[in-house]
Amino acid sequence: MYFTEFFDREKVTERLKKALRREDEQFIVIYGRRRIGKSQLIKRVLDFDRGDVYFLSDQTNETNQRALLAVSMAQTIPGFDQVTYPSWESIFQAFNRQIDRRVTLCLDEFPYMVKSFPALTSIIQKLLNGKDLKFDLIICGSSQQLMQGYVLDRTEPLYGLSNEIIRLAPLPASYILDALQCEARQGVEEFAIWGGVPRYWELRMDYDSLDEAIDNLILDPNGILAEEPQRLLYEDMRQIVQAATLLSIIGNGVNRLSEIASRAGKAATAITEPLSRLIELDLVRRDLPFGELEKNSKKGLYKIKDPLTHFYFRFVAPYRSLLQMGHSQGVKQIIASKRNEYVAECWELLCQEYVSGKMINGIAYGKASNWRGRDLKGLPVELDVVAQSLDHKRILIGECKWTKAQNADFLKRDLLERTRHLPFVKDNTTIEYVLFLKEPPTESTDIPIYLPQDILSHR
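Residues numbered from 1 in each chain as written. Predicted model: local features only at pLDDT ≥ 70, side-chain atom pairs only at ≥ 80, totals over all residues. Heavy atoms only, no water.

1. Digging into the overall build of the chain
Turning to step 1, where the next piece is worked out: Scanning the chain from terminus to terminus reveals 20 helices and 14 strands.
Turning to step 2, where the next piece is worked out: Taken over the C-alpha atoms alone, the chain extends approximately 80 × 55 × 45 Å along its principal axes.
Turning to step 3, where the next piece is worked out: For the chain, the residues scored as buried account for 51% of the 459 residues in total.
Turning to step 4, where the next piece is worked out: Pairs at least 24 apart in sequence give 65% of the contacts found in the chain among residues at least 6 apart.
Turning to step 5, where the next piece is worked out: Element-wise, carbon and sulfur atoms account for 48% of the exposed surface of the chain, whose accessible area totals about 22100 Å². (Helix = DSSP H or I, 4+ residues; strand = E, 2+ residues; numbered from the N terminus. Buried < 20%, exposed > 50% of the residue type's maximum accessible area, 1.4 Å probe, protein only. Contact = heavy atoms within 4.5 Å. Areas by Shrake-Rupley, 256 points an atom, 1.4 Å probe, with all protein chains shown as cover.)

2. Some details on the pairing of strand β5 (residues 164–167)
Moving residue by residue along a regular strand, the side chains alternate between the two faces of the sheet.
Turning to step 1, where the next piece is worked out: On β5, burial follows the alternation: E164 and I166 on one face are buried, whereas I165 and R167 on the facing-out side are not.
Turning to step 2, where the next piece is worked out: Where strand β1 (residues 27–31) lies against β5, 4 bridges are found, and the strand directions are parallel. The residue of β5 that forms the bridge with V29 is I165. (Pairing = 2+ DSSP bridges.)

3. Examining the sheet that holds strand β11 (residues 380–388)
Strands belonging to one sheet form pairs held by backbone hydrogen bonds; the direction of such a pair is parallel or antiparallel.
Turning to step 1, where the next piece is worked out: Taken in spatial order, the 5 strands of this open sheet run β10-β11-β12-β13-β14, and their pairing is mixed. Each having just a single partner strand, β10 (369–374) and β14 (449–450) make up the two edges of the open sheet.
Turning to step 2, where the next piece is worked out: Across 4 bridges, the pairing between β11 and strand β12 (residues 394–401) is antiparallel. Directly across from Q388, in β12, lies its bridge partner I395.
Turning to step 3, where the next piece is worked out: Contacts from helix α18 (residues 329–355) reach β10, β11, β12, β13 (430–437) and β14 within the one sheet, and its direction differs from that of β11 by about 35°.
Turning to step 4, where the next piece is worked out: Strands β11, β12, β13 and β14 of the sheet are contacted by helix α19 (residues 408–418), whose axis makes an angle of about 140° with β13. (Axes fitted to C-alpha atoms, helices over the stretch in contact; angles between N-to-C directions.)

4. Some details on the pattern of salt bridges
Turning to step 1, where the next piece is worked out: On inspection of all chains with the given rule, the structure shows 32 salt bridges.
Turning to step 2, where the next piece is worked out: Measuring nitrogen to oxygen at the nearest pair gives 2.3 Å for the salt bridge that ties E202 to R199. Taken as a pair, E202 and R199 lie in helix α10 (residues 198–204) at a separation of 3 residues, close to a single helical turn.
Turning to step 3, where the next piece is worked out: Between R413 and D409 there is a salt bridge, with its nearest N and O atoms 2.7 Å apart. Residue R413 and its partner D409 are both found in helix α19; the two are separated by 4 residues, about one turn of the helix.
Turning to step 4, where the next piece is worked out: One continuous salt-bridge network, built from bridges that share partners, spans R34, R35, E228 and R231. (Salt bridge = Lys/Arg side-chain N within 4 Å of Asp/Glu carboxyl O.)

5. Some thoughts on the sheet that holds strand β4 (residues 135–141)
Turning to step 1, where the next piece is worked out: Spatially, β2-β3-β4-β1-β5 is the arrangement adopted by the 5 strands of the open sheet, whose pairing is parallel. Edge positions in the sheet fall to β2 (53–56) and β5, since each of these pairs with one other strand and no more. Adjacent strand axes in the sheet meet at a mean angle of 15°, parallel and antiparallel pairs treated alike.
Turning to step 2, where the next piece is worked out: Strands β2 and β3 (103–108) of the sheet are contacted by helix α3 (residues 62–73), whose axis makes an angle of about 150° with β2.

6. Focus: the packing of helix α16 (residues 307–316) against α18
Turning to step 1, where the next piece is worked out: Here α16 crosses α18 at 135°, and the two axes come no closer than 11 Å. Taken as axis vectors, α16 and α18 run oblique relative to one another. Classified by chirality, the crossing of α18 by α16 is right-handed. The residues of α18 that touch α16, namely those facing P307, H310, F311, R314 and F315, are V331, I334, I335, K338, E341, Y342 and E345.
Turning to step 2, where the next piece is worked out: In terms of residue class, the contact of α16 with α18 is built from 7 nonpolar, 1 polar and 4 charged. (Parallel < 35°, antiparallel > 145°, perpendicular 65-115°, else oblique. Left-handed = near helix turned anticlockwise from the far one by under 90°. Nonpolar A, V, L, I, M, F, W, Y, C, P; charged D, E, K, R; others polar.)

7. What to know about the nonpolar core
Turning to step 1, where the next piece is worked out: Core analysis: the largest hydrophobic core is formed by 93 residues, its most contacted members being W194, I218, L278, F311, V355, F436 and I455.
Turning to step 2, where the next piece is worked out: Contacts of L278, omitting those with residues within four sequence positions, involve L233, M237, A243, L246, L247, L283 and V284.
Turning to step 3, where the next piece is worked out: Of all hydrophobic cores here, the second largest spans 37 residues; its members include V29, M113, L133 and Y150. (Core = buried A, V, L, I, M, F, W, Y, C linked by side-chain atoms within 4.5 Å.)

8. Considerations on the side chain of D52
Turning to step 1, where the next piece is worked out: Within the secondary structure, D52 sits in the loop between α2 (38–45) and β2.
Turning to step 2, where the next piece is worked out: At 2.6 Å, the side chain of D52 forms a polar contact with the backbone nitrogen of D47.
Turning to step 3, where the next piece is worked out: A distance of 2.8 Å separates a polar atom in the side chain of D52 from the backbone nitrogen of T104.
Turning to step 4, where the next piece is worked out: Residues in contact with D52, not counting those within four places in the same chain, are L46, D47, T76, V103 and T104. (Polar contact = N/O pair within 3.5 Å; in protein donor to acceptor, adjacent residues only side chain to side chain.)

9. Brief notes about the pairing of β11
Turning to step 1, where the next piece is worked out: Here β10 runs beside β11; their pairing, made up of 5 bridges, is antiparallel. Of the residues in β11, the one forming a bridge with R374 is P380.
Turning to step 2, where the next piece is worked out: Hairpin connection from β10 to β11: 5 residues lie between these consecutive antiparallel strands, with G378 at a positive phi of about 85°.
Turning to step 3, where the next piece is worked out: Joining the antiparallel neighbours β11 and β12 is a turn of 5 residues, in which H392 adopts a positive phi near 65°.

What is shown is where atoms sit, not what they do.
Below, the structure written as structure tokens:
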């Protein structure tokens, strides 16, 4: 049973149902990364008792795919598969003639169909422009690059014809608590590995502990997720080797554009396009310090955004030879020694996301980020969470700790000392301090404290 049946798909489900209730026949495009729950979402919306048709394409030739589609259509029109259809247009037209009521046809993994017959998009364009279809059409695919191209590229036949374009995103971290039936602290540690991909959560549930799941799913060369990052790249990146190289460099802590280019043996201009593509695919993010503008800043740091991809290039890719030989014990020790440091990066990002656009102590804040630089005295300062209130009267500054219980009063004094001479704080600006802690502090303080249950409780 897929978790997408229960968690955080209500809005998109209702959006699809509403579209299919419209008076005119609809052309709907759905895409998103592998294992995100696209097929399960569509099957929830389709009404098979009414005669809706779901077809999952494969990588066989067009003749075989048409025969398989005819078999699926025969569930609605008995005997439909007893005829050989010489072209895609002929099978769609025959289906359109023979249905006696409005139904929905879903073509899942649509890029496979186009790969076997590139003119298919032009045929569908002709059918849609004819305005005489009696069925709704949904196309779906995991290749985000191809699916975006079909409907968002002005040179493509299907551009401008869709009634709905839905990109299915990973689930928010808060839903992992219900999915895995765990407490918030463990939820953060789980999310740092599996991210918001429901199929990963489902696979995780087959094991009694997180360590056991990592060992069997990722570290084992035969594990289901052992090659998952490469599969993501194969679907959406033309230059697989270059993309994997960049992810490997970033995963090992090299984050500045110039340094990444140097490690890759390329000019910085040569890697900006593949980095941009990795950002579009939600595999990489570009962190900008608070107050920096996207277009003008040269202070951005590139980091792996997708948790499983991050874990893989941090702990698996460097040791693949050892893992292939069955020597996983040393790798497990490395993971154990770096576990808190690794989870702390995810914790900091979750805290930034929690603050962004939220009401904190009655004050609405904009997008939160970190800040690194020198204060007015020239001393280096790093801040985990910084956000400005929407009225520009306050700045929230937060410290994130993923360690055992600490003295909150000590953390408060240290934070106050480090922020006495910040260059972006004006005389009339009020600073609001907060602490984001893994565990309740050993000593109380008057600074607001947020724990994992607070961060993962919001929806």
